[in-house]
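# Chain and residue survey
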Amino acid sequence: DIDIAIEFNGLRPGEKMYEELLNAEEGVQTTSHERINMAVCSQQMSNKELSTIIGHIYDEIERGNTKTIRYLLKQMVPTYTYTEISESKESVA
C-alpha cells in the first residue's frame, strides 16, 4: 500500500465469495487426509459411450439441431436444464 492505494469495496454484483466445487447431487467420500474429500460420481459412463455422445453432438451442431443437442447433453449430465431465452434477450447479449 505504498505505491498504489488499495481500496476494499466489497463484492460486485454477481461476484462470489467462494466457488462450489461439487453439485448438491454429488456425494463426497472422505480420504485419509482430514481436509481432502473425493467426489463420488453417481452415474458412470464408459469412454466409448461418452465419445459416441460427443460425436453425435458435433453432428447436431453441424445440422443446427439445438433440441437434439440439449437432449444429448441431458444424457451426459442428468442435472442439465435449459431455459428458453426470448429473441429480444438474445439480440441484446
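Basis of the calculations
Residues numbered from 1 in each chain as written. Predicted model: local features only at pLDDT ≥ 70, side-chain atom pairs only at ≥ 80, totals over all residues. Heavy atoms only, no water. Axes fitted to C-alpha atoms, helices over the stretch in contact; angles between N-to-C directions. Helix = DSSP H or I, 4+ residues; strand = E, 2+ residues; numbered from the N terminus. Parallel < 35°, antiparallel > 145°, perpendicular 65-115°, else oblique. Left-handed = near helix turned anticlockwise from the far one by under 90°. Contact = heavy atoms within 4.5 Å. Nonpolar A, V, L, I, M, F, W, Y, C, P; charged D, E, K, R; others polar. pLDDT = per-residue confidence, 0-100.

## Quick word on the packing of helix α1 (residues 47–63) against helix α2 (residues 66–76)
- Running from N to C, α1 and α2 cross one another at 165°; their axes reach a closest spacing of 9 Å. With respect to α2, the element α1 is oriented roughly antiparallel. Two packed elements cross with a definite hand, and for α1 against α2 that hand is left-handed. Within the contact between the two elements, α1 uses L50, I53, I54, H56, I57, E60 and I61 and α2 uses T68, I69, L72, L73, Q75 and M76.
- When the residues that make up the contact of α1 with α2 are grouped by side-chain class, the tally is nine nonpolar, three polar and one charged.

## Some thoughts on the confidence of the model for the chain
- On average, residues of the chain score 82 in pLDDT, and 86% of them reach the 70 mark or higher.
- Of all the helices and strands in the chain, helix α3 (residues 87–92) carries the lowest mean pLDDT, 52, while α1 carries the highest, 95.

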